[in-house]
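# Breakdown of the fold
If you want the building blocks of each chain, they are given just below.
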Amino acid sequence: MPATPLKRPLQWSIEDYHQIVNTGILAQRRVEAGEILEMAPESADHTYSWGSLVTRLSQMLGDRALVRPPAPITLSQSEPEPDIAIVTGTWERYIDRHPSADDIFWLIEISRPTLAFDRTVKAPLYAAEGIAEYWIINLKERQLERDRQPSPTHYRDRQVLNGGAIAPLAFPDCILEVRSLFP
């Protein structure tokens, strides 16, 4: 009897994903590329957290960086949508493309139902792309998880903060109180 072939999910290229998006098939769904994954719905405190943080970071950083709300970034093998991406340039720079890893200062996820995914899938993905800093605002445990020093498989420096102040590597003068990140 012949062996049954192993069934695996079809992996989409970034180009394939863009073609699918352009057809409008996914217009009514919240998805991320790589594999096409349906995203968890947002709670009110999640929306408040990213909205208020986008506003504060935009004011603090001024024209030194663009603070993007949830929107795609293009990586080598996927196109995730972090809750906040702090990137180089202005909106005009991204008229015909999404930011790539080379454009990114740091990424932020606001997390509760997606916490395990953000830690075990997104963190290694971002580290492998060389993104210098990744924050998870853990709404469940009311703590900030900060990853730095990317390697090909993970971040080598991980810190969990319940209080105090923090500043991103790229903007050491952009000081935030950890407790102010939570509603």
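Here we summarise the structure given alongside this text. (Residues numbered from 1 in each chain as written. Predicted model: local features only at pLDDT ≥ 70, side-chain atom pairs only at ≥ 80, totals over all residues. Heavy atoms only, no water.)

Turning next to the overall build of the protein. Along the protein, the regular secondary structure elements total three helices and ten strands. Helices and strands in the protein line up, N terminus first, as α-β-β-α-β-β-β-α-β-β-β-β-β. A total of 183 residues make up the protein; the buried ones form 42% of that total. Here the contacts in the protein between residues at least 6 apart in sequence split such that 50% fall between residues at least 24 apart. Total accessible area computed for the protein in this model is approximately 10100 Å², and 55% of it derives from carbon and sulfur atoms. (Helix = DSSP H or I, 4+ residues; strand = E, 2+ residues; numbered from the N terminus. Buried < 20%, exposed > 50% of the residue type's maximum accessible area, 1.4 Å probe, protein only. Contact = heavy atoms within 4.5 Å. Areas by Shrake-Rupley, 256 points an atom, 1.4 Å probe, with all protein chains shown as cover.)

This paragraph deals with the pairing of strand S4 (residues 84–87). The two faces of S4 match: Ile-84 and Ile-86 on one face and Ala-85 and Val-87 on the other face are all buried. Sheet analysis places strand S3 (residues 66–68) next to S4, joined by three bridges and oriented antiparallel. Paired with Arg-68 across the strands is Ala-85, a residue of S4. Strand direction decides the pairing type here: S4 and strand S5 (residues 104–111), joined by four bridges, are antiparallel. Paired with Ile-86 across the bridge in S5 is Trp-106. (Pairing = 2+ DSSP bridges.)

This brings us to the side chain of Arg-146. Secondary-structure assignment places Arg-146 in strand S7 (residues 143–150). On the basis of relative accessible area, Arg-146 is assigned to the buried category, the value being 7%. Reaching out from Arg-146, the side chain makes a polar contact with the side chain of Asp-157 at a distance of 3.3 Å. Reaching out from Arg-146, the side chain makes a polar contact with the side chain of Gln-159 at a distance of 2.7 Å. Excluding residues that lie within four positions of it along the chain, Arg-146 makes contacts with Glu-133, Tyr-134, Trp-135, Asp-157, Arg-158, Gln-159 and Ile-166. (Polar contact = N/O pair within 3.5 Å; in protein donor to acceptor, adjacent residues only side chain to side chain.)

Trans peptide bonds make up most of the peptide bonds, and negative phi angles are found at most residues other than glycine. Even without a glycine there, the phi angle at Arg-142 is positive, about 50°. Mapped onto the fold, Arg-142 is located in the loop between strand S6 (133–138) and S7. On the basis of relative accessible area, Arg-142 is assigned to the partly exposed category, the value being 42%. Its identity as a non-glycine residue notwithstanding, Gln-149 has a phi of 60°, on the positive side. Secondary-structure assignment places Gln-149 in strand S7.

So, about the sheet that holds S7. The pairing of strands in a sheet happens through backbone hydrogen bonds and is either parallel or antiparallel. Read from one edge to the other, the open sheet built from six strands follows the order S3-S4-S5-S6-S7-S8, with strand pairing classed as mixed. Where the open sheet ends on each side, the last strands, each with one partner, are S3 and strand S8 (155–161). Across the sheet, the axes of successive neighbouring strands diverge by a mean angle of 15°, strand direction being ignored. Sheet topology places S5 next to S6; five bridges connect them, and they run parallel. From the neighbouring strand, Ser-111 faces S6, where its bridge partner is Asn-138. Against the sheet, helix H2 (residues 44–61) contacts S3, S4, S5 and S6, and its axis sits at roughly 155° relative to S5. Running at roughly 175° to S6, helix H3 (residues 115–128) makes contact with S5, S6, S7 and S8 of the sheet. (Axes fitted to C-alpha atoms, helices over the stretch in contact; angles between N-to-C directions.)

Turning to the side chain of Ser-111, a few remarks are in order. Among the secondary structure elements, Ser-111 is positioned in strand S5. With relative accessibility at 0%, the residue Ser-111 sits in the buried group. There is a polar contact of 3.4 Å between the side chain of Ser-111 and the side chain of Thr-114. A distance of 3.0 Å separates a polar atom in the side chain of Ser-111 from the backbone nitrogen of Leu-115.

If you look at the biggest cluster of nonpolar residues, it comprises 24 residues, and the most contacted ones within it are Leu-57, Ile-86, Ile-108 and Ile-137. Of all the secondary structure elements, the ones that give two or more residues to this core are H2, S4, S5 and S6. The biggest single contributor to this core is H2, with five residues. (Core = buried A, V, L, I, M, F, W, Y, C linked by side-chain atoms within 4.5 Å.)

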